[in-house]
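Below are the chains, spelled out letter by letter.
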Amino acid sequence: MKAVIETGGKQYYVEEGTVLYVEKLDVEPGKTIEFDHVLMVNGVIGTPYVTGSKVTAEVVKHGKQKKVLIFKYRAKKHTHKTQGHRQPYTKIEIKKIEA
């Protein structure tokens, strides 16, 4: 089965066994989580969500992505600023898709 789920303001195309990196979720590693915001299941499109369907996933781990450097510079003012950012993520594995 194939589905499109929505989490963290983004949409993901998933199948059973898919490993995803999504925005950080407040769930312990090793626990399961259910996504009920399912936009499509096997070609059936919801308005906006498919009723009665859910996707079950297992949280594998939490972490941070690679650092992104932000460099701000003002020409002819002799000012510059360097800043870094590491976005937190949650790694999940899709276990079951129910239509």
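Residues numbered from 1 in each chain as written. Predicted model: local features only at pLDDT ≥ 70, side-chain atom pairs only at ≥ 80, totals over all residues. Heavy atoms only, no water.

Student: Mind showing me how you'd approach the pairing of strand S4 (residues 32-35) here?
Tutor: In summary, the side chains of a regular strand alternate between the two faces of the sheet. The alternating pattern of S4 places Ile-33 and Phe-35 on a buried face, while none of Thr-32 and Glu-34, on the opposite face, is buried. Bridge count for S4 against strand S7 (residues 54-64) is four bridges, and the pairing is antiparallel. Bridge assignment links Glu-34 to a residue of S7, and that residue is Thr-56. (Buried < 20%, exposed > 50% of the residue type's maximum accessible area, 1.4 Å probe, protein only. Helix = DSSP H or I, 4+ residues; strand = E, 2+ residues; numbered from the N terminus. Pairing = 2+ DSSP bridges.)

Student: How do you make sense of the sheet that holds strand S5 (residues 38-41) when you look at a structure like this?
Tutor: Neighbouring strands of a sheet are bound in pairs by backbone hydrogen bonds; such pairs are parallel or else antiparallel. The four strands lie next to each other as S2-S1-S5-S6, forming an open sheet whose pairing is antiparallel. Pairing within the sheet leaves two strands with one partner each, and these edge strands are strand S2 (10-15) and strand S6 (44-45). Bridge count between strand S1 (residues 2-7) and S2: six bridges; the pairing is antiparallel. Across the sheet, Val-4 pairs through a bridge with Tyr-13, a residue of S2.

Student: Quick question: what am I supposed to make of the pairing of S7 here?
Tutor: Pairing of S7 with strand S10 (residues 88-98), which is carried by 10 bridges, proceeds in the antiparallel orientation. Its bridge partner being in S10, Glu-58 is matched across the sheet by Glu-93.

Student: Just checking my understanding: could you explain a positive patch on the surface for this structure?
Tutor: The grouping of Lys-24, Lys-64, Lys-67 and Arg-86 at the surface amounts to a positive patch. Inspection of the secondary structure assignment puts Lys-24 in the loop between strand S3 (19-23) and S4. (Patch = residues over 30% accessible without salt bridge, like charges linked within 9 Å, V, L, I, M, F, W, Y side chains within 5 Å. Areas by Shrake-Rupley, 256 points an atom, 1.4 Å probe, with all protein chains shown as cover. Salt bridge = Lys/Arg side-chain N within 4 Å of Asp/Glu carboxyl O. Lys, Arg positive; Asp, Glu negative; His and termini not counted. Charge placed at Lys NZ, Arg CZ, Asp CG, Glu CD.)

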